[in-house]
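# An overview of the molecular structure
So the chains spell out like this:
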Amino acid sequence: MNHTHTEEIIGIRNLTMRFEDHIALNNMNLSIGKGEIFCLLGQNGAGKTTTINILLGFLKPTSGEVVIGRSEDDPRGFDSRKSVAYIPEVVQLYGNMTGMENLDFFSRLAGFRYDATKLAGFLVKAGLQVEAHEKRMSAYSKGMRQKVGIGIALAKGARIILMDEPTSGLDPKASSDFIRICKDLAKEGCTILMATHDIFNAVNVGNRIGIMKEGTLVHTIETSRISATELEKLYLETI
Amino acid sequence: MRQIIIHFMRNAWRNQYLKIFACIMSVAFVISAVNNVLVLKVQFRQYDAARNELRNAWIGQGPKNPHSSGHYGHYVFRPAYATHALDNGIAQFTGSVLRLEAHMQHLPQFSPAEGRTESSRLGSLSFSWLMLVIMPLFIILLGHDAISNEREKGNLRLHAAQGLDMRKLLWGKVLGILILASSMALAGLIIQLGFQSALNASGSTGQDLLHTLVWGILCLVYFFIIAAVSVTGSTWSRSSMSSLLLQVSVWVVMLIIMPRITAAMGSRLHPFEQRSFFNNTLRQDREKGIDGHNPMDERNEKFKDSLLRHYKVKTLEELPVNADGLAMQADEEYANLVYDKHFNRIRETMTRQNNISAYASLLDPYLAVRNLSMSITQADYHHQLRFLKEAENYRRYLIGALNEKMAYGGSKTGEWDWTTDADFWSSVNDFRQSRPDLMWALRNNHVELICISAWVMLSAGLLFVTAAKMKII
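Residues numbered from 1 in each chain as written. Chains lettered and ligands numbered in written order. Predicted model: local features only at pLDDT ≥ 70, side-chain atom pairs only at ≥ 80, totals over all residues. Heavy atoms only, no water.

## So, the overall build of chain B
A count of helices and strands for chain B gives 18 helices and three strands. Computed over C-alpha atoms, the radius of gyration of chain B comes to 29 Å, more than 25% over the 23 Å expected from 2.2 N^0.38 for 473 residues, which places it beyond the range of a compact globule. Here the C-alpha coordinates of chain B stretch approximately 105 × 50 × 35 Å along the principal axes. Residues classed as buried in chain B amount to 52% of the 473 residues present. (Helix = DSSP H or I, 4+ residues; strand = E, 2+ residues; numbered from the N terminus. Rg over C-alpha atoms; globule rule 2.2 N^0.38 Å. Buried < 20%, exposed > 50% of the residue type's maximum accessible area, 1.4 Å probe, protein only.)

## A closer look at the packing of helix α11 (residues 275–288) of chain B against helix α13 (residues 323–360) of chain B
Residue and element names in this part refer to chain B. Between α11 and α13, whose axes approach to 10 Å, the crossing angle comes to 150°. As the angle between them shows, α11 and α13 are arranged roughly antiparallel. Crossing hand, α11 versus α13: right-handed. Across the interface between the two elements, F278, T281, L282, D285 and R286 from α11 touch D331, Y334, A335, V338, Y339, K341, H342, F343, R345 and I346 from α13. Classifying every residue of the contact of α11 with α13 by side-chain character gives eight nonpolar, two polar and five charged. (Axes fitted to C-alpha atoms, helices over the stretch in contact; angles between N-to-C directions. Parallel < 35°, antiparallel > 145°, perpendicular 65-115°, else oblique. Left-handed = near helix turned anticlockwise from the far one by under 90°. Contact = heavy atoms within 4.5 Å. Nonpolar A, V, L, I, M, F, W, Y, C, P; charged D, E, K, R; others polar.)

## Brief notes about helix α10 (residues 240–269) of chain B
All names here are of chain B. Taking 1.5 Å per residue as the helical rise, α10 with its 30 residues ought to reach 44 Å, and the 41 Å between its terminal C-alpha atoms agrees with that figure. Maximal helix bending in α10 amounts to about 45°, located at I257; proline P259 follows within four positions. Contact partners of the buried residues in α10: α5 (127–143), α6 (148–152), α9 (206–236), α13 and α14 (365–376). (Expected span 1.5 Å × (residues − 1). Bend = angle between axes of the 7 residues up to and from the residue.)

## A word on the state of the cysteines
Formally, a disulfide is one covalent bond, and it connects the sulfur atom of one cysteine to the sulfur atom of another. Enumeration according to the criterion identifies zero disulfides over all chains in this entry. Lacking any disulfide linkage, C190(A) is separated from the closest cysteine sulfur, that of C182(A), by 8.8 Å. Accessibility expressed as a relative area gives 6% for C190(A), which makes it buried. Not engaged in a disulfide, the cysteine C219(B) finds its nearest cysteine sulfur in C451(B); these two sulfurs lie 18 Å apart. (Disulfide = S-S within 2.5 Å.)

## Describing the interface of chain B and chain A
Residue-level contacts link 20 residues of chain B with 26 residues of chain A. Of the roughly 2300 Å² buried between chain B and chain A, counting both surfaces, carbon and sulfur atoms make up 55%. By the criterion of area lost to chain A, the three top residues of chain B are R14(B), L158(B) and Q162(B), representing 30% of everything that side buries. Where E101(A) meets R14(B), a salt bridge forms, and the shortest distance between an N and an O atom there is 2.8 Å. Viewed at the interface, chain A and chain B are joined by 10 residue pairs in polar contact (both at pLDDT 80 or more). Of the residues that constitute the side of chain B that touches chain A, the class distribution is seven nonpolar, seven polar and six charged. (Buried area = accessible area lost by both parts, 1.4 Å probe. Salt bridge = Lys/Arg side-chain N within 4 Å of Asp/Glu carboxyl O. Polar contact = N/O pair within 3.5 Å; in protein donor to acceptor, adjacent residues only side chain to side chain.)

## Some details on the pattern of salt bridges
All names here are of chain B. Tallied over the entire structure, the rule returns 18 salt bridges over all chains. In this structure, D208 engages R435 in a salt bridge whose closest nitrogen and oxygen atoms are separated by 2.6 Å. Of the two residues, D208 sits in helix α9 while R435 sits in the loop between α16 (424–427) and α17 (438–443), which places them 227 residues apart along the sequence. Taking the shortest distance from any N to any O, the salt bridge between R395 and E332 comes out at 2.8 Å. Of this pair, R395 sits in helix α15 (residues 381–408) while E332 is found in helix α13, placing the two residues 63 residues apart along the sequence. E332 gets classed as buried once you look at its relative accessible area, which sits at 1%. Counted as one network, the salt bridges with shared partners bring together E332, D340, E392, R395 and R396.

## Describing the sheet that holds strand β4 (residues 63–68) of chain A
Residue and element names in this part refer to chain A. Strand order in this open sheet of three strands is β2-β1-β4, and the pairing throughout is antiparallel. Whereas interior strands pair on both sides, the edge strands pair on one side only; in this sheet they are β2 (22–33) and β4. Recorded for the sheet is a direction-independent mean angle of 15° between the axes of neighbouring strands. Direction of pairing for strand β1 (residues 8–19) relative to β2: antiparallel, over a ladder of eight bridges. Counted as the bridge partner of R18 is I23 from β2. The sheet contacts of helix α1 (residues 48–56) involve β1, β2 and β4, and relative to β1 the element is tilted by about 115°. (Pairing = 2+ DSSP bridges.)

## Some words on the side chain of T16(A)
Residues and elements named next belong to chain A. Along the chain, T16 turns up in strand β1. On the accessibility criterion, T16 (9% relative accessible area) is buried. Not counting the four nearest positions on each side in its chain, T16 is found in contact with L25, N26, N27, P61, T62 and S63.

## Section: the sheet that holds strand β8 (residues 208–213) of chain A
Residues and elements named next belong to chain A. Spatial ordering of the open sheet is given by β5-β6-β7-β3-β8-β9, a layout of six strands whose pairing is mixed. Taken across any chain shown, the strands that pair with only one partner, and hence form the sheet edges, are β5 (84–87) and β9 (216–222). The mean inter-strand angle of the sheet, taken between neighbouring strand axes irrespective of direction, is 20°. Pairing between β8 and β9: six bridges, direction antiparallel. By the bridge assignment, I211 is partnered in β9 with H219. Against the sheet, helix α6 (residues 172–187) contacts β3 (37–42), β6 (160–164) and β7 (191–196), and its axis sits at roughly 150° relative to β7.

## As for the confidence of the model for chain A
Per-residue pLDDT for chain A averages 86, and the proportion of residues at 70 or more is 92%. For chain A, per-element mean pLDDT is lowest for helix α2 (residues 80–83) of chain A, which scores 73, and highest for helix α3 (residues 99–109) of chain A, which scores 93. (pLDDT = per-residue confidence, 0-100.)

## Section: a nonpolar patch on the surface
Residues and elements named next belong to chain B. A grouping of V248, V252, V253, I256, I257, I261, M265 and L269 is seen on the molecular surface, where their side chains present a nonpolar patch of about 580 Å² in accessible area. Summarising the element assignment, I257 is placed in helix α10. The exposure class of I257 is partly exposed, given its relative accessible area of 37%. (Patch = residues over 30% accessible without salt bridge, like charges linked within 9 Å, V, L, I, M, F, W, Y side chains within 5 Å. Areas by Shrake-Rupley, 256 points an atom, 1.4 Å probe, with all protein chains shown as cover.)

Here it is as structure tokens:
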């Protein structure tokens, strides 16, 4: 582990996941520090989403463990249900409700009740224009939906955000906005694990990048030491 | 869980298709209410008018031979209750008028459904049909995609990621469906009761209100079972479409096919004997005696001999009483034994047929609810049998009173043209059917009550197990 973030927030130890005959994750080890953005690159089926699903508690690993927020001061670690937020590839939410209503609903599910001003503040911070707040989400673009997803993570006060292909299908402007917001969140101490296919965005947003192949984390690279072209070459050689 | 319930209801409220369905149901409720109330009003009016007219005719017979009156006969009417507006069960198909005659037990005639050929073919738009058959379809529309749609849209992951307990999600959805369905049902009930009140056709008593309340609770329990099964089905389905297809198929099997299968099985396994066979055995037992060795003429002779011995006279003319009246009463009592024997056999067959539907309730909660609904509204076969039994008891009392008048009223044996005084008729009590209470109705359907309780526990258990085992992805 060669990186500048010392306080481990996400720890993955000897993680293996088998689905009958298929090995989705093969003895994976990874440590992600506080305020770090770690991008997982890999083809479909490489094990990126499985890793996220295990971190979210949706899947139980065959062996190994994941540790969230465990330290000497806090040996039990974070309560993952309270500290982890999730942004899927497609944030659908509820089309017949406004962005504000969706945010309010998901905040309440997490146990938070905010007034309209605070809710609007989360959406503004997530980059959603004020005039869109009271529009039904059926009229939102994918980028706007992703911003509501970030708003939900912000409202939850999540210290870790797990993102599964969040920039997939976004136009360049929306993608660029999204990356800027991620960087802002990381500066505030939020740890982000992002599964993506997008090599150039990964280089732009991530502090480190992991390349996965057939369930194995083959390379872990610090983005400050590699260019997008070199990363692309390494990626193509790896997969 | 409260958030899930509110959210579910808000989403449903904004769903255009559900609004359309709710409008259609409201119109159906209004049509059903108007129809049921008008029918009920006519029944109340006819019941009162016919009863009064016949009682007056009975009292006003004037001087007349009691035996002639016994053969002329009398009529009793099955009362209609306000609760029949909710579910008129078999009361619409079984006769409501019974002719009482000496020596004869008649079957009821003139069912309310007679003459309504269209409704006989298609089934009427009854309130119970809307509540017990159509409302489940509404619940399926609400519940079939309650979880599958969340999974398809990726929202289920977000729910779980927000730390929501899946038990709360499933129960929240079920309760949301239950509140919506109950609200619609309550609106229907208010429409129904409102029309009854507005058309001055309620005839409601405290007992009617109690029965209505319990009937409402039964519907609520039924809706819960369907909602729980629907949400569970939605959780385990691969897609909302497959969930809908499966649940509508189950609806067809449980609500359309199963009742017909159980009815067909009942009549197949326990068929009624043919009427000609029934009438023949009845006549033979009466003429030759129940044991076949006690013919009517011999019985009559033996009875007259015993009378002569009792009064210590040699001829019937010397008797201080009319032997014909006593002989007719003795014959009546023997005939009662014969009728009881044969009618009990028919009743046992009916009970066996109904038991099939009762025990099938373990497989199909609709059968349990349908039987309980008819029972609570006092329109099931137990209530019909009770009416027949009480009418028969009254017939025996009535004929007994006429024979007694013949025997001890002052006439002599063979004096068939003797007439009683005009006041006699009012001394004979009128027929009044006792109204059974709710517990009587429920006791008769204890199998269905056990089955429905089992279904409630099974539904709740399904939700708990599903919440524990369900997959988020």
